[in-house]
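So the chains spell out like this:
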Amino acid sequence: MNANALLTRVRGQIPLLVTSVLLVSMFTAGSVQYDGFFSGQVLLNLLIDNAFLLVVAVGMTFVVLTGGIDLSVGAVVALSTMVSAWLVERQGWPPLLVIPLVLVMGTAGGWVMGWVIHAFEIQPFIVTLAGMFLARGLCYMISIESISITDPSYTAMAQTRIPLGDLFVSPSVVIALLVVAAGFVVLHYTRLGRNVYALGGSEQSALLMGLPVGRTKTTVYAISGFCSALGGVLLTFYMLSGYGLHAVGLELDAIAAVVIGGTLLTGGSGYLLGTLLGVLVLGLIQTIISFQGTLSSWWTRIVIGGLLFVFIVLQRLITARRR
């Protein structure tokens, strides 16, 4: 590896390093400021409370790496909770049938959006915005009220705790980390992963190299749809209900986690580890505000907005130096 290539690689890892330092600094500041904050369980609670967001953010990472965007993820999460709750509670379907059906629906919806984006050369923003409105509308076609879930299988998943010595995690955390691990393997050790990075670097160059651009686009949006549906399943375990207003704004949280984690919005550069750190940063902001006790929950949005602005500027500076 020559000096220029090494320098480019190091610059690409600067956002990831900044995110890591930010996470450690925030946790250190919280530990100094608040009693009981310095605890392994506090860190694990970040994963417990945000397992569904982490899964959705993994799918969003695939999309952003290609230079695209998916605004439908929050609505698909809500639709997944509604379909699950309606089929289990109102129709009496078994969860072992409902959960795979929901995952297939999410994957198919994502694939269709990816196909429309590629086949008709429409901006992902427009197509996924239409998908967002469609999924939210379908939620209210099912019910305008919240549907509580009392099925024993769902309540058992919600109440199960996996011990880690004196600490514990939920089954949703294990599922989320498995999704992260699977996504990491796909991105870094498969042909699809190489195609994703190549497509994000330059679609025209990918076409000239003979890469399957259309298949790659449809696949990444199908992955995003699958992750959104799975995130909806995990949110159903967490909330034990289906509601059309679940996950409002989740698409913005997922994008923020991906960007704060160091993935370039223009595509072609980023790491799933960074997305994991980005989700932890968002969760830590909420935890610190909760410990503080006197600040409105809206401060979470204010702080996230400020961080997002800083990381976008940092990305711009890095890409400008590459040129």
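Just so it is clear, the model here is predicted, and its values are computed rather than measured.

Quick notes on the rules
Here the residue index of a chain counts from 1 through its sequence in written order. Where totals are concerned, whole chains, interfaces and linings use all residues; where local detail is concerned, this predicted model gives features only for residues with pLDDT of at least 70, and gives and counts side-chain atom pairs only at 80 or more. Here the side-chain values reflect all heavy atoms present in the structure, with hydrogen atoms and water set aside. Secondary structure is summarised from DSSP: a helix means a run of H or I of at least four residues, a strand means a run of E of at least two, and numbering begins at the N terminus for each. We call two residues in contact when some of their heavy atoms are within 4.5 Å. Grid points spaced at 1 Å and placed over the protein atoms alone form the basis of the search, with a cavity being a set where a 1.4 Å probe fits but cannot get out and a pocket an open set showing protein on both sides within 12 Å along at least five of seven lines. Lining residues have an atom within 4 Å of a point. Grid points are joined across faces, edges and corners, and a volume is the space filled by probe spheres set on the points. We call Asp, Glu, Lys and Arg charged. Ala, Val, Leu, Ile, Met, Phe, Trp, Tyr, Cys and Pro are nonpolar, and the rest, Gly among them, are polar. Each residue gets one of three labels from its accessible area relative to the maximum for its type: buried under 20%, exposed over 50%, partly exposed in between, using a 1.4 Å probe on protein chains only.

Caption draft 1: Representation of the environment of Ile122. With respect to the helices and strands, the residue Ile122 is situated in the loop between α5 (95-119) and α6 (124-142). Contacts of Ile122, omitting those with residues within four sequence positions, involve Val116, Ile117 and Val127.

Caption draft 2: Geometry of the layout of surface pockets. Considered as a void within the structure, the largest pocket measures approximately 550 Å³ in volume. What lines the largest pocket is a set of 20 residues, among which Phe52, Val248, Asp253, Gln286 and Arg301 lie closest to the centre. Breaking the lining of the largest pocket down by element, the ones donating at least two residues are α3 (40-65), α11 (213-239), α12 (250-260), α13 (272-292) and α14 (298-322). Broken down by class, the residue content of the lining of the largest pocket amounts to 12 nonpolar, five polar and three charged.

Caption draft 3: Spatial organisation of the environment of Met26. Assignment of secondary structure puts Met26 in helix α2 (residues 14-33). Overall, Met26 belongs to the buried group, its relative accessible area being 13%. Spatially, the C-alpha atom of Met26 lies 38 Å from that of Thr218, the residues being 192 residues apart in sequence. Contact partners of Met26, with chain neighbours within four places excluded, come to Val281, Leu284, Ile285 and Ile288.

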